[in-house]
Amino acid sequence: MVTMPSLRTLLLSGVFLLISACSKAPLILPDPGAIALTPNEISTLYGVSAPDIALFDSQKQRITLDGRRLNVRLLTPAAQGQYPLVLFSHGNWSHQLEYDVILTHLARQGYAVLTLDHDDCCGMARGIMAALWYGNLRLIEQRVWDMALLLNHPARLDALAPAGVQLDHDRVAIAGHSFGAYSAQLFAGATVFDKKQQQQRAVAYSLQRPDAIKAILAISPPGPMFKEITAQSWQAINKPMLATTGTWDVEPRFFPDYQLHLMSHYTASPGSQYGLIIAGADHYFGNLICRTHREQAPQHLQMQLLKSATMAFLDHYVKQQADAGEFLLSNQLTVTTQGFANLMIK
């Protein structure tokens, strides 16, 4: 049973969220400089270019699992075959259709991509109301529970795919952007701070195939925010993880330093941990993801570099492709771009 928060909590939360949403403080952004590669050279980096293949798109569908109704979408290559599964979680107030530049790229590279809308999706008004009604902790937990629910119903997911296409439920990556990146990290040992218990704890969930999750992709994950996400939230990360940010990935009131988005990388224990900094990349890659109606120029170069790191990471840990591992582990992205895309490995 959900308990309605107190009026004082509602008002304070509303003020916080409205301030956060309406912040117009001026930004002074560093000059990213120029990348020392031609467009053709960039296109030949690992994973940047994708085969021009036909895709299957289930379109957004409402399904019911154990009494819970979810809006989901499946993207796969149209050709017959078995494809590893990527489950993608959108950012706060966004929705699953705002990430096609990434999702279609993953599908063209041979992945089945499953997305869903969370309770905080689809605009500021709905997102604020969800936060006020449920509270931050319950929103965080519900995101994880919904994602786990999907993974625990493989036959229902298979039914979304076209004839001849099979989802590989034993090779899975969890990915997300912003708040969704933190949702993904919760499947790899990240924790929340429970104000009632006054302690860090994991979100309780169960998976039928916990070992199927091979990798975590966290695009611009948050640093500490609200009271539930703290500097201690990532100390128990236990799966390979790529966390990314950019030198323009700042918000004056809450994330004035882009490095805060890599706290999950810096505080995780060493071992298969990757942190990527892309010069001139902001939280939305201009207007390419999450807020695609922003009046900002698309950051296509930065997106290409994100694709390169993402594909090398996923192909190495999910598909176990030797060429991906060679590119990733020798840090060819950093070397080739002369640090314009700086990949840190520990």
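See the structure shown above.
To start, this report covers the structure provided alongside it. Small disclaimer: the values here were computed from a predicted structure and weren't measured. (Residues numbered from 1 in each chain as written. Predicted model: local features only at pLDDT ≥ 70, side-chain atom pairs only at ≥ 80, totals over all residues. Heavy atoms only, no water.)

**Section: the overall build of the protein**
- Helix and strand content of the protein: eleven helices and twelve strands.
- At 19 Å, the protein has a C-alpha radius of gyration in line with the 20 Å of a compact globule built from 346 residues.
- Reported as C-alpha extents along the three principal axes, the dimensions of the protein are approximately 55 × 50 × 40 Å.
- Here the protein holds 346 residues, and the buried ones make up 54% of them.
- In the protein, 74% of the contacts between residues at least 6 apart in sequence involve partners at least 24 apart.
- Total accessible area computed for the protein in this model is approximately 14,800 Å², and 54% of it derives from carbon and sulfur atoms. (Helix = DSSP H or I, 4+ residues; strand = E, 2+ residues; numbered from the N terminus. Rg over C-alpha atoms; globule rule 2.2 N^0.38 Å. Buried < 20%, exposed > 50% of the residue type's maximum accessible area, 1.4 Å probe, protein only. Contact = heavy atoms within 4.5 Å. Areas by Shrake-Rupley, 256 points an atom, 1.4 Å probe, with all protein chains shown as cover.)

**Some points on the packing of aromatic side chains**
- On inspection of all chains with the given rule, the structure shows eight aromatic pairs.
- Between Y182 and W234, the ring centres sit 6.4 Å apart and the planes meet at 80 degrees, which makes this aromatic pair edge-to-face. Of the two residues, Y182 sits in helix 7 (residues 179–185) while W234 sits in the loop between strand 9 (213–219) and strand 10 (241–246), which places them 52 residues apart along the sequence.
- The rings of Y274, F313 and Y317 are connected pair by pair, giving a single aromatic cluster.
- Sitting over the face of the ring of Y111, K319 holds its NZ or CZ atom 4.3 Å from the ring centroid. (Phe/Tyr/Trp six-rings, centres within 6.5 Å; stacked < 30°, edge-to-face > 60°. Lys NZ or Arg CZ within 6 Å of the ring centre and 35° of its normal.)

**With respect to the pattern of salt bridges**
- Enumeration according to the criterion identifies twelve salt bridges in this entry.
- Two residues, R68 and D119, come together in a salt bridge whose shortest N-O distance is 3.0 Å. Pair noted here: R68 is in strand 3 (residues 68–77) and D119 is in the loop between strand 5 (112–116) and helix 4 (124–134), with a separation of 51 residues, a long-range link.
- We classify D119 as buried; its relative accessible area is 19%.
- In this structure, the salt-bridge partner of R171 is D168, at a minimum N-O distance of 2.7 Å.
- Three or more residues joined by partner-sharing salt bridges are found here, namely D57, R73 and D100. (Salt bridge = Lys/Arg side-chain N within 4 Å of Asp/Glu carboxyl O.)

**Focus on the packing of helix 3 (residues 100–108) against helix 9 (residues 300–317)**
- Two elements in contact, helix 3 and helix 9, have axes separated by 11 Å at closest approach and are oriented at 40 degrees. It follows from the interaxial angle that helix 3 and helix 9 lie oblique. Considering only the axes of helix 3 and helix 9, their crossing is right-handed. Packed against helix 3, whose contacting residues are V101, I102, H105 and L106, the element helix 9 presents M303, L306, K307, T310, M311 and L314 at the interface. (Axes fitted to C-alpha atoms, helices over the stretch in contact; angles between N-to-C directions. Parallel < 35°, antiparallel > 145°, perpendicular 65-115°, else oblique. Left-handed = near helix turned anticlockwise from the far one by under 90°.)

**Focus on the side chain of Q109**
- The topology assignment puts Q109 in the loop between helix 3 and strand 5.
- According to the relative accessible area criterion, Q109 is buried, its value standing at 16%.
- In this structure, Q109 is in contact with G47, S49, A50, P51, M311 and K319, ignoring residues within four places of it in sequence.

**Overview of the packing of helix 9 against helix 10 (residues 322–329)**
- Between helix 9 and helix 10, the least distance of the axes is 8 Å, while the angle of their chain directions is 125 degrees. With respect to helix 10, the element helix 9 is oriented oblique. Here the hand of the crossing between helix 9 and helix 10 comes out left-handed. Along the contact surface, helix 9 presents S308, A312, F313, D315, H316 and Y317, while helix 10 presents A324, G325, F327, L328 and L329.
- Split into classes, the residues belonging to the contact of helix 9 with helix 10 amount to seven nonpolar, three polar and one charged. (Nonpolar A, V, L, I, M, F, W, Y, C, P; charged D, E, K, R; others polar.)

**Re the nonpolar core**
- Core analysis: the largest hydrophobic core is formed by 49 residues, its most contacted members being L276 and F285.
- Broken down by secondary-structure element, the contributors of at least two residues to this core are strand 4 (81–89), helix 3, strand 6 (165–177), strand 9, strand 11 (273–278), helix 9, helix 10 and strand 12 (341–345).
- Top element by residues in this core is helix 9. It accounts for nine residues.
- Those residues in contact with L276, other than ones at most four positions away along the chain, are L242, A243, T244, T245, L262, L305, L306, A309, L333, A341, N342 and L343. (Core = buried A, V, L, I, M, F, W, Y, C linked by side-chain atoms within 4.5 Å.)

**Remarks on the side chain of S264**
- Relative to the helices and strands, S264 is located in helix 8 (residues 263–267).
- A distance of 3.0 Å separates polar atoms of two side chains, one belonging to S264 and the other to Q185.
- Among residues more than four places away in sequence, those in contact with S264 are Q185, P221, W234, M241 and A243. (Polar contact = N/O pair within 3.5 Å; in protein donor to acceptor, adjacent residues only side chain to side chain.)

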